[in-house]
Amino acid sequence: MAFREISVEQLKDNPFTLINKDWMLITAGNQESHNTMTASWGGVGELWGKYVSTIYIRPQRYTLEFLEREDTYSLCFFNPEYRPALNLCGSKSGRDVDKDKETGLTPCFDQAAPYYQEARLVLICRKLYKQDLAEESFLDREIFEKCYPNRDLHRMFIGEIVKVLEKA
């Protein structure tokens, strides 16, 4: 099934459900080398006069290397039958396994960032900003202690949503 491009304003999905409940794959790289990871933290909105996504990557994640190297990334959202693939992409490192092969997902390289053919919705994003979260910036220490017992704070990326693809 092919994708069709739509505008951000045409999105009908609830972003809270998409990200927190359905999860997403964050993917960066190119045809020679790419990696993906499952995420359930993030957001979408408007900032600096642009529609943006915000993603958070821990320093030990292999995908971070690809996000640092490339100018773009994709966020892919799937139907429920792909939950096992998302589980694998969130629990195994691309340093150790070929996630595409293990999940049976098909990477596509016809956009600025790789994405997956099996996705039902894809956001292609161009990086605008990055910053490491800082311990001293947490106003609620309970969140810091709960989410960062190993002090491995996320790096935040804000990316302009430059293209939205949905299954036709």
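Below you will find a few notes about this structure. Since we're looking at a predicted model, the values are computed, not measured.

Attention now moves to the overall build of the protein. Broken down by element type, the protein carries five helices and ten strands. The C-alpha radius of gyration computed for the protein amounts to 15 Å, which stays within 12% of the reference 15 Å derived for 168 residues, consistent with globular compactness. When its C-alpha atoms are laid out on the principal axes, the protein stretches across 45 × 40 × 30 Å. Burial status across the protein gives 42% buried among its 168 residues. Within the protein, contacts between residues at least 6 apart in sequence are counted, and of these 73% link residues at least 24 apart. Carbon and sulfur atoms form 49% of the exposed surface of the protein, whose accessible area is close to 9100 Å².

The subject of this paragraph is unusual backbone geometry. Its identity as a non-glycine residue notwithstanding, W23 has a phi of 75°, on the positive side. Phi angles above zero are rare outside glycine, and R151 is one such case at about 60°. Here R151 lies in the loop between α5 (141–147) and β10 (155–167).

So, about helix α3 (residues 83–91). Taken together, the buried positions of α3 are A85, L86, L88 and C89. With its buried residues spanning 160° around the axis, α3 presents them on a single face. Exposed side chains of α3 directed beyond 90 degrees from the buried face belong to P84 and S91. Looking at the buried residues of α3, the elements they touch are α1 (15–22), β2 (24–29), β3 (34–39) and α4 (99–103).

When a strand is regular, its side chains alternate between the sheet's two faces. One ladder, built from six bridges, connects strand β6 (residues 72–77) with strand β9 (residues 121–132); its direction is antiparallel. Looking across to β9, one finds that L75 is bridged to L123.

Let's shift gears to the pairing of β6. With respect to burial, β6 is a largely interior element, six of its six residues being buried. On β6, burial covers both faces: T72, S74 and C76 on one face and Y73, L75 and F77 on the other are all buried. Of the strand pairs in this sheet, β2 and β6 are connected by three bridges, and their pairing is antiparallel. Pairing of L25 across the sheet is with C76, part of β6.

Conventions used here
- Residues numbered from 1 in each chain as written.
- Predicted model: local features only at pLDDT ≥ 70, side-chain atom pairs only at ≥ 80, totals over all residues.
- Heavy atoms only, no water.
- Helix = DSSP H or I, 4+ residues; strand = E, 2+ residues; numbered from the N terminus.
- Rg over C-alpha atoms; globule rule 2.2 N^0.38 Å.
- Buried < 20%, exposed > 50% of the residue type's maximum accessible area, 1.4 Å probe, protein only.
- Contact = heavy atoms within 4.5 Å.
- Areas by Shrake-Rupley, 256 points an atom, 1.4 Å probe, with all protein chains shown as cover.
- Arc of directions from axis to C-beta.
- Pairing = 2+ DSSP bridges.

Nothing here speaks to function; it is geometry throughout.
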